Amino acid sequence: MRKLAELGVIASMQPYHAIDDGQWAEERIGPKRLPTAYAFKSILEQGGLLTFGSDWPVAPLSPFEGIYAAVTRSTLDNTNPQGWIAEQKISVEQALTAYTVTNSYSLNDELKRGTLEKGKFADFVVLSHDPRTVPANLIREIKVLKHYINGELVYEY
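Residues numbered from 1 in each chain as written. Predicted model: local features only at pLDDT ≥ 70, side-chain atom pairs only at ≥ 80, totals over all residues. Heavy atoms only, no water.

Q: Mind laying out a nonpolar patch on the surface, listing which residues take part and the relevant values?
A: Taken together, the side chains of Val126, Leu145, Ile149, Val154, Tyr155 and Tyr157 present a nonpolar region at the surface, about 560 Å² in accessible area. Position of tyrosine 157 relative to the elements: it lies in the segment after β5 (152-156). Taking the relative accessible area as the measure of exposure, tyrosine 157 reaches 68% and is therefore exposed. (Patch = residues over 30% accessible without salt bridge, like charges linked within 9 Å, V, L, I, M, F, W, Y side chains within 5 Å. Areas by Shrake-Rupley, 256 points an atom, 1.4 Å probe, with all protein chains shown as cover. Salt bridge = Lys/Arg side-chain N within 4 Å of Asp/Glu carboxyl O. Helix = DSSP H or I, 4+ residues; strand = E, 2+ residues; numbered from the N terminus. Buried < 20%, exposed > 50% of the residue type's maximum accessible area, 1.4 Å probe, protein only.)

Here you go:
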């Protein structure tokens with residue numbers, strides 16, 4: 001993971017797989033390889049860059065499912081309620097950054113997208129709840145109320 005950071009490699013990951021694969025991964029890859037499975041926190045701590053996506057249609061399209069997975073790592077079968085490889089949990093803010101800022105950077109488009117700033121495209125959503133303030137178990141239930149692309153309303157719930 002240190003080498004990823006040194007080389008400037010951007011780790012593109014789908015966090016939902018951590019809560020799905022955590023149900024069976026040890027059986028398939030063995031206990032020695034588990035500590036580096038979906039090692040979100042370790043990558044960030046080593047100075048690496050992390051981008052998140054959904055891997056749809058294999059995994060749910062909603063980024064809220066991915067944020068929930070990255071923050072809780074609670075497997076779908078409820079056998080790991082405190083988190084599968086819990087030391088790799090990251091904060092909601094880190095997960096949001098992986099879905100926005102770092103994704104724009106990875107596309108070499110950070111001067112136009114990824115944050116809300118003067119001179120950038122006004123692509124944003126209005127949510128039912130702030131993912132940074134709701135209990136982690138409710139993140140996956142957040143709804144998009146409005147969606148704006150370049151400042152124009154394109155969707156309203």
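Q: Which residues make up unusual backbone geometry, and what values go with them?
A: Most peptide bonds take the trans form, and the phi angle of most residues other than glycine is negative. Here tryptophan 56 and proline 57 are connected by a cis peptide whose omega angle stands at 15 degrees. Turning to its location among the elements, proline 57 is positioned in the loop between β2 (49-52) and α5 (63-72). The backbone of isoleucine 85 shows a phi angle near 50 degrees, a positive value even though the residue is not glycine. Following the sequence through the fold, isoleucine 85 ends up in the loop between α5 and α6 (92-99). Notably, asparagine 150 is not glycine yet its phi reads approximately 50 degrees, a positive angle. In this fold, asparagine 150 is placed in the loop between β4 (144-149) and β5. With relative accessibility at 47%, the residue asparagine 150 sits in the partly exposed group.

Q: Just give me the short version of the sheet that holds β5, but keep the residues and values in it.
A: Judged by pairing direction, the sheet is antiparallel, and its three strands sit side by side in the order β3-β4-β5 without closing on themselves. Each edge of the open sheet carries a strand with a single partner, namely β3 (124-127) and β5. Each neighbouring strand pair of the sheet contributes to a mean axis angle of 20 degrees, computed without reference to strand direction. Looking at chain direction, β3 and β4 are connected through four bridges and run antiparallel. Directly across from valine 126, in β4, lies its bridge partner lysine 146. (Pairing = 2+ DSSP bridges. Axes fitted to C-alpha atoms, helices over the stretch in contact; angles between N-to-C directions.)

Q: So, the packing of aromatic side chains: which residues are in play, and what are the values?
A: Tallied over the entire structure, the rule returns five aromatic pairs. For the pair phenylalanine 124 and tyrosine 148, a centre-to-centre distance of 4.6 Å together with 15 degrees between the ring planes defines the contact as stacked. Of this pair, phenylalanine 124 sits in strand β3 while tyrosine 148 sits in strand β4, and the two are 24 residues apart along the sequence. Aromatic ring contacts, followed pair by pair, group Tyr38, Phe40, Phe52, Trp84 and Tyr99 into a single cluster. (Phe/Tyr/Trp six-rings, centres within 6.5 Å; stacked < 30°, edge-to-face > 60°.)

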